[in-house]
Amino acid sequence: MDNRLNTKHIVACHLCDALYDKPHLKQGQTAKCNRCGSTLVERKVDSINRSFYWSIAGIILLAPGILLPIIGVTLAKQYHHASLLDCVVVLIERGFFMIATLLFLFAIAVPVVRLFGAFYISFSFKYNRLKPSMLNFFRAYHHLDNWAMLNVFMLGIVVSMYKLLDDTELTINLGLFSFTLFLITSTMASTTLDQDYIWDKLEREFIDDDS
Ligand SMILES: [Zn+2]
């Protein structure tokens, strides 16, 4: 017996594993689990377009967010400021390799990869350029979600490390503003993506052919 045929019309609650017939929802509707009340399936409104434009906004904010000074310190009556990349370099120079690596990974690399991932996915759906490789790509993209909130945490560490290392006046600069906006847009680009819709569509395009 082909198990795949049976699972196509069934959806499992991701919290309590209760099984349901897959509901047919319109945009904006959600289906809740009867047993635990968590959201079973959610059809987000205009998901692809929203994600597309959020990711474009994020790509525009990327350069100022990383290159403009995020914090400034007054040290021995001299004013210094540092961008996010400067912070990574300074941390390496002072021997904080671990923090520098984590900062680079979670504040720069992961958000950038997620943002371009969301852009690529929404672009492919918006202009109907779907390829079978999208299945694997979306699966990989989905894993990055687990690391999403770490960038906010890392930014907190940077600011407090600077505060600890140079116990002086600290000012917040334009770069921090851009970087915060960049984090918001990159998070929005990925939260507006309707995962259920994307899986459904990919399944129909590339998996259902043989049944
Ligand atoms: Zn449940």
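Please read all numbers here as calculations on a predicted model, not as lab measurements.

S.K.: Lay out the overall build of the protein in plain terms, naming residues and giving numbers.
M.R.: Across its full length, the protein holds eight helices and seven strands. Here the protein, with 211 residues, has 39% of them falling under the buried criterion. Sequence-distant contacts, at least 24 apart, represent 64% of the contacts inside the protein between residues at least 6 apart. With an accessible surface of roughly 12,200 Å², the protein has 62% of that area assigned to carbon and sulfur atoms.

S.K.: Tell me about helix H7 (residues 174-191), and please be specific about residues and values.
M.R.: Taking 1.5 Å per residue, 18 residues should reach 26 Å; H7 reaches 26 Å between its end C-alpha atoms and fits that length. Taken together, the buried positions of H7 are occupied by Gly175, Leu176, Ser178, Phe179, Phe182, Leu183, Thr185, Ser186, Ala189 and Ser190.

S.K.: Give a description of the nonpolar core that names residues and reports values.
M.R.: Residues Ile121, Phe182 and Leu202 are the most contacted members of the largest nonpolar core, which totals 33 residues. Among the elements of the structure, helix H2 (47-67), strand S5 (69-75), helix H3 (84-93), helix H4 (97-126), helix H5 (133-144), H7 and helix H8 (195-207) are those that each provide at least two residues to this core. Residue contributions to this core peak at nine residues, all from H4. Contact partners of phenylalanine 182, with chain neighbours within four places excluded, come to Gly58, Leu61, Leu62, Pro111, Val112 and Leu115. Counting eight residues, the second largest nonpolar core, distinct from the first, contains Cys13, Ala18, Tyr20 and Val41.

S.K.: So, the UniProt feature "transmembrane region" (unreviewed entry) in the protein: which residues are in play, and what are the values?
M.R.: UniProt tags residues 52-76, 96-123 and 174-193 as "transmembrane region" (unreviewed entry). Across residues 96-123 one finds 96% helix and 0% strand; the C-alpha atoms that close the span lie 39 Å apart. Helix makes up 90% of residues 174-193 and strand makes up 0%, while its end C-alpha atoms are separated by 29 Å.

S.K.: Outline H8, supporting the account with residue identities and numerical values.
M.R.: The complete set of buried residues in H8 reads Gln195, Ile198, Asp200, Lys201 and Leu202. Against H4 and H5 lie the buried residues of H8. Where H8 begins, the side chain of aspartate 194 points an oxygen toward the backbone nitrogen of aspartate 196, at a separation of 3.3 Å.

S.K.: Pulling in residues and values, what's your account of the side chain of serine 38?
M.R.: Residue position: serine 38 is located in the loop between strand S3 (30-32) and strand S4 (39-42). With residues near it in sequence (within four places) discarded, serine 38 still touches Cys13, Leu15, Ala31, Lys32 and Cys33.

S.K.: Now, about the environment of phenylalanine 106: what can you tell me, with residues and values included?
M.R.: With respect to the element layout, phenylalanine 106 can be found in helix H4. Separated by 44 residues in sequence, phenylalanine 106 and leucine 150 place their C-alpha atoms 6.0 Å apart.

S.K.: Please provide a residue-by-residue account of the pattern of salt bridges, values included.
M.R.: The final tally for this structure, using the stated rule, is three salt bridges. In this structure, lysine 22 and aspartate 200 form a salt bridge, with 3.2 Å as the shortest nitrogen-oxygen distance. In this pair, lysine 22 sits in the loop between strand S2 (19-21) and S3 while aspartate 200 sits in helix H8, placing the two residues 178 residues apart along the sequence. A residue is classified by how much of its surface remains accessible, and lysine 22, at 25% relative accessible area, is partly exposed. Classification of aspartate 200 by relative accessible area gives buried; the value is 19%. Residue arginine 43 is joined to aspartate 194 by a salt bridge in which the shortest nitrogen-to-oxygen separation is 3.9 Å. A residue pair is termed long-range when its members are at least 10 positions apart, and arginine 43 in the loop between S4 and H2 and aspartate 194 in the loop between H7 and H8 qualify at 151 residues. Side by side, arginine 43 and aspartate 194 carry an identical accessibility label, which is buried. Counted as one network, the salt bridges with shared partners bring together Lys22, Arg43, Asp194 and Asp200.

Cut-off values and rules
- Residues numbered from 1 in each chain as written.
- Predicted model: local features only at pLDDT ≥ 70, side-chain atom pairs only at ≥ 80, totals over all residues.
- Heavy atoms only, no water.
- Helix = DSSP H or I, 4+ residues; strand = E, 2+ residues; numbered from the N terminus.
- Buried < 20%, exposed > 50% of the residue type's maximum accessible area, 1.4 Å probe, protein only.
- Contact = heavy atoms within 4.5 Å.
- Areas by Shrake-Rupley, 256 points an atom, 1.4 Å probe, with all protein chains shown as cover.
- Expected span 1.5 Å × (residues − 1).
- Core = buried A, V, L, I, M, F, W, Y, C linked by side-chain atoms within 4.5 Å.
- UniProt positions renumbered as here; feature names shortened; annotations may be inferred.
- Polar contact = N/O pair within 3.5 Å; in protein donor to acceptor, adjacent residues only side chain to side chain.
- Salt bridge = Lys/Arg side-chain N within 4 Å of Asp/Glu carboxyl O.

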